[in-house]
There are 2 protein chains.
Amino acid sequence: MAERCVLVGQSGGPTAAINASLAGVIAAGILEGARVEGMRYGIQGFLDGRSVRLDEAFVSRVDLELLRNTSASWLGSCRFKLPAPGTDDTIYQRLFERFERLGASAVLYIGGNDSMDTISKLAAYGQSTGSDIRFIGVPKTIDNDLVGTDHTPGYGSAARFVATSMAGLALDADVYDLKSVTFVEIMGRDAGWLAASSALARPDLVLLPEVPLVEDVLMERLAQLLEQKNTVMVGVSEGVRTPDGTLYCELAAPGAGVDEFGHLATLSGTGRYLASVTKERLGCKTRAVELSTLQRCASQVVSRTDLDEAYMIGGTSARAALDGESVKMCALQRIADDPYEVRTKLIDVLSVANQVRHVPAEWISEDGMGVTEDFLRYVRPLVGNMPEQLPPLP
Amino acid sequence: MAERCVLVGQSGGPTAAINASLAGVIAAGILEGARVEGMRYGIQGFLDGRSVRLDEAFVSRVDLELLRNTSASWLGSCRFKLPAPGTDDTIYQRLFERFERLGASAVLYIGGNDSMDTISKLAAYGQSTGSDIRFIGVPKTIDNDLVGTDHTPGYGSAARFVATSMAGLALDADVYDLKSVTFVEIMGRDAGWLAASSALARPDLVLLPEVPLVEDVLMERLAQLLEQKNTVMVGVSEGVRTPDGTLYCELAAPGAGVDEFGHLATLSGTGRYLASVTKERLGCKTRAVELSTLQRCASQVVSRTDLDEAYMIGGTSARAALDGESVKMCALQRIADDPYEVRTKLIDVLSVANQVRHVPAEWISEDGMGVTEDFLRYVRPLVGNMPEQLPPLP
């Protein structure tokens with residue numbers, strides 16, 4: 001039997017958990033006696049001939065444990081969209097030549113939506129040419145917007161940063177004896193999962209991209225809240241839109257460009273925009289805090305559950321690929337909320353690519369500006385215990 | 001002997017450690033058999049008659065422990081400057097009437113520079129009227145800019161957030177195979193202590209308010225660095241100025257207002273400004289990250305040493321006041337770096353008020369864009385161990 005080789009790459013934005021998945025792939029590969037090769041800077045770097053031998057580099061368990069706890073993409077990443085198969089096959093030919101030269105029996109790609117698209121296209125091209133290389137997608141995204149899986153590695157840690165930050169900011173905002181509204185701007189282009197996780201810290205409102213936001217309705221609600229209390233906290237997704245579909249951040253910074261995936265290049269400014277409207281219309285103190293890229297890279301605030309699951313998914317994916325599975329993504333299936341229990345399962349990667357999973361309507365509160373207890377039951381085990389703090393003085 | 005009573009207030013911006021000092025005051029007061037009263041919203045709320053009995057509220061040790069671990073100012077805070085004594089005594093008369101009515105034998109005020117000014121003025125007025133009430137300042141500021149003390153409670157925790165965030169952001173910035181410069185904007189109006197703490201994560205440059213920054217010199221240095229490496233990280237204080245004394249953030253947002261202490265109301269924008277200049281002049285990708293108010297309220301990332309010392313200082317201050325000490329501030333004296341050892345000592349509060357302690361010139365590197373190993377030896381025990389991460393691939 002020929003030597004088996006797993007080739008693994010990381011793609012898209014980094015997270016606190018993506019290296020835990022890489023560690024899982026390497027550990028499983030070593031256990032299975034396979035060679036493990038890593039793409040430097042994803043498909044793009046690999047196209048330029050850049051790869052690195054991993055099973056030999058990680059003979060030490062200490063290094064594997066360190067890799068597990070290191071945030072961001074240790075192999076390097078890229079944002080690179082493969083052309084539609086059939087339009088320009090040169091890139092595919094070059095990639096498959098390199099796969100063959102390296103002796104890859106399986107290609108694993110750790111990433112989000114765009115990466116599942118990459119895996120689907122590679123698998124389709126491979127099938128069309130009769131290649132026996134297997135292709136498996138390993139999910140990773142702080143956005144938690146992949147279909148077919150209970151949640152995605154990376155989400156729990158980012159959600160932990162968001163929820164604990166919201167708790168600290170709420171205490172901070174409440175120290176002066178005056179009326180104020182604080183907008184905490186949270187990542188999430190199309191799906192509001194991460195903004196929704198701020199609800200663990202019980203802010204007054206949570207604004208999601210899933211629900212069009214009418215400025216007048218928001219102002220009315222804020223005015224009501226300010227009659228009842230000093231300090232109003234709002235968790236707001238960067239992807240919140242007006243009823244006609246305009247992003248609020250576009251109102252803040254008109255004319256921003258789009259990236260090669262057709263996404264708006266920068267989404268920040270929603271919180272700043274809403275804070276300035278609120279100050280003008282309600283006359284109270286306002287503050288906008290952008291949680292920024294810290295949400296995905298704050299390795300000092302991780303969810304242990306998230307890292308454990310990311311590692312498990314990496315291992316399952318590598319073993320599945322070596323067992324002959326292909327055109328799959330390794331998903332998580334929840335068995336129970338409390339005590340929390342989860343299993344891995346393989347699903348068709350074609351059913352995942354280019355889909356977006358939104359926060360379901362039944363988990364959004366009736367007024368569209370909050371989440372339900374069911375959502376909190378869903379998210380709590382992914383984030384872990386919130387730090388206990390003394391209740392405020394009446 | 002008449003019942004003894006400690007009155008305690010919190011002032012200025014909140015920190016992760018200010019409630020630990022409050023817990024220390026309450027614990028010592030209870031142990032000494034004194035009544036402990038708290039001002040709501042500092043001197044300003046107290047002037048309106050707002051106080052709360054604390055020794056009875058904290059008979060439970062569990063609640064005291066929770067208070068110790070709760071960020072921000074649990075009693076509420078204010079930013080309120082007392083008039084110069086002799087100009088308008090009405091406020092002083094009202095305050096001392098309230099002190100007497102409450103039976104306060106000592107007034108403790110937890111805060112930064114402006115709070116030490118408040119304590120000094122109250123003590124001076126008290127002496128001029130023959131009052132026997134004692135006044136003690138309890139230091140607290142993330143800025144670490146009080147003279148007479150090795151460091152201030154609140155600094156270690158904020159520095160831990162800054163340094164660990166810088167470490168995460170550096171990994172995050174390095175994932176793509178392209179040239180980039182990231183500016184991480186860090187709090188610090190006049191003193192660069194907090195920005196300097198980012199050096200624990202070994203960024204390429206650290207820019208402090210202590211050193212005037214010449215734009216051309218910075219661009220030249222960045223260009224050199226970009227020749228050697230892909231990813232350049234810069235920790236920049238929000239208080240960095242041009243050689244003619246203009247704040248860079250004023251260049252970013254001209255015409256911002258000043259607060260009642262004469263400080264510029266908002267200092268943000270330095271990172272954004274430098275990022276846009278760098279992009280324009282060097283043509284590389286740039287990013288600006290504001291660490292924002294998270295620096296002072298991220299109770300999920302605290303330094304245990306900081307909380308312990310804040311608690312100790314609160315206790316020492318309360319006991320000193322009950323023992324008859326007055327017009328003092330409780331400072332920290334370092335005995336040794338490694339193993340780290342520190343003691344409390346009482347110093348004259350008049351020597352502290354309205355002074356600013358800068359990062360000393362001998363702790364700034366020769367080119368003015370970094371700090372020395374001596375500074376790192378100073379700051380390391382205050383911050384605690386940095387999370388270990390796997391070194392990057394070559």
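Figured I'd write up the structure that's included with this text. Model, not experiment: these values are computed from the prediction.

Description of the overall build of chain A
Within chain A one finds 13 helices and eleven strands. Computed over its C-alpha atoms, the radius of gyration of chain A comes to 22 Å, within 12% of the 21 Å expected for a compact globule of 394 residues. Taking the principal axes of the C-alpha coordinates as reference, chain A spans close to 75 × 45 × 30 Å. In chain A, buried positions account for 62% of the 394 residues. A sequence separation of at least 24 residues applies to 75% of the contacts in chain A between residues at least 6 apart. Accessible area of chain A: about 14,700 Å², with a carbon and sulfur share of 48%.

Quick word on empty space enclosed by the protein
Residues and elements named next belong to chain A. Counting across every chain of the model gives one cavity of 30 Å³ or more. For the largest cavity, the full set of lining residues is His151, Gly156, Ser303, Thr305, Asp306, Glu309 and Leu382. The element contributing the most residues to the lining of the largest cavity is helix α12 (residues 304-322), with three residues. For the lining of the largest cavity, the class distribution of residues is one nonpolar, four polar and two charged.

Looking at the packing of aromatic side chains
All names here are of chain A. Taken as a whole, this structure holds 28 aromatic pairs over all chains when the rule is applied. Relative to phenylalanine 99, the ring of phenylalanine 46 has its centre 5.5 Å away and its plane inclined at 25°; by these criteria the two rings are stacked. On the criterion of sequence distance, the pair formed by phenylalanine 46 in helix α2 (residues 42-47) and phenylalanine 99 in helix α4 (residues 90-102) is long-range, its members being 53 residues apart. Accessibility assignment for this pair places phenylalanine 46 and phenylalanine 99 in one class, buried. Every member of this aromatic cluster is reached through a ring pair, and the members are Phe46, Tyr92, Phe96, Phe99, Tyr125 and Phe135. Sitting over the ring of tyrosine 311, arginine 68 keeps its end group 5.0 Å from the ring centre.

Examining the sheet that holds strand β2 (residues 35-39) of chain B
All names here are of chain B. Strands sit in the order β3-β2-β1-β4-β5-β10-β11 across an open sheet of seven strands; the sheet is mixed. The sheet is open, and its two borders are formed by β3 (51-53) and β11 (340-348), each paired with just one other strand. Strand-to-strand twist of the sheet, defined as the mean angle between neighbouring strand axes without regard to direction, takes the value 25°. Against the sheet, helix α13 (residues 373-383) contacts β10 (328-337) and β11, and its axis sits at roughly 110° relative to β10.

Quick look at the interface of chain B and chain A
Interface size, as often reported, equals the accessible area lost upon joining of the parts. Counting from both sides, the interface comprises 52 residues of chain B and, opposite them, 52 residues of chain A. Note on chain B versus chain A: buried area summed over both sides is about 4,200 Å², and carbon and sulfur give 60% of it. At the surface where chain B touches chain A, the tally comes to four salt bridges. A salt bridge links arginine 50 of chain A to aspartate 177 of chain B; the shortest N-O distance between them is 3.0 Å. At the boundary of chain B and chain A, one finds 19 residue pairs in polar contact (both at pLDDT 80 or more). Listing elements by their share of the side of chain B that touches chain A, those giving two or more residues are α3 (61-68), α6 (155-173), β9 (285-290) and α11 (294-297) of chain B.

What about the packing of helix α8 (residues 215-228) of chain B against helix α10 (residues 270-282) of chain B?
All names here are of chain B. One can describe the packing of α8 onto α10 by two numbers: an axis separation of 11 Å at closest approach and a directional angle of 65°. The handedness of the crossing between α8 and α10 comes out as right-handed. Note on element contacts: α10 touches α8 through Tyr273, Leu274, Val277, Thr278, Arg281 and Leu282, opposite Glu215, Asp216, Leu218, Met219, Leu222, Ala223 and Leu226. Among the residues making up the contact of α8 with α10, the classes are represented as nine nonpolar, one polar and three charged.

A short note on the environment of serine 268 of chain A
All names here are of chain A. One can find serine 268 in the loop between α9 (248-252) and α10 (270-282). Assessed through its relative accessible area of 28%, serine 268 is described here as partly exposed. Sequence separation of serine 268 and glutamate 290 is 22 residues, and the distance between their C-alpha atoms is 7.7 Å. Sequence-distant contacts of serine 268, that is, excluding residues within four places in its chain, are made with Glu185, Cys249 and Glu290.

What counts, and at which threshold
- Residues numbered from 1 in each chain as written.
- Chains lettered and ligands numbered in written order.
- Predicted model: local features only at pLDDT ≥ 70, side-chain atom pairs only at ≥ 80, totals over all residues.
- Heavy atoms only, no water.
- Helix = DSSP H or I, 4+ residues; strand = E, 2+ residues; numbered from the N terminus.
- Rg over C-alpha atoms; globule rule 2.2 N^0.38 Å.
- Buried < 20%, exposed > 50% of the residue type's maximum accessible area, 1.4 Å probe, protein only.
- Contact = heavy atoms within 4.5 Å.
- Areas by Shrake-Rupley, 256 points an atom, 1.4 Å probe, with all protein chains shown as cover.
- 1 Å grid on protein atoms, 1.4 Å probe; cavity = no way out; pocket = protein on both sides within 12 Å on 5 of 7 lines; lining within 4 Å.
- Points joined across faces, edges and corners; volume = space filled by probe spheres on them.
- Nonpolar A, V, L, I, M, F, W, Y, C, P; charged D, E, K, R; others polar.
- Phe/Tyr/Trp six-rings, centres within 6.5 Å; stacked < 30°, edge-to-face > 60°.
- Lys NZ or Arg CZ within 6 Å of the ring centre and 35° of its normal.
- Pairing = 2+ DSSP bridges.
- Axes fitted to C-alpha atoms, helices over the stretch in contact; angles between N-to-C directions.
- Buried area = accessible area lost by both parts, 1.4 Å probe.
- Salt bridge = Lys/Arg side-chain N within 4 Å of Asp/Glu carboxyl O.
- Polar contact = N/O pair within 3.5 Å; in protein donor to acceptor, adjacent residues only side chain to side chain.
- Left-handed = near helix turned anticlockwise from the far one by under 90°.

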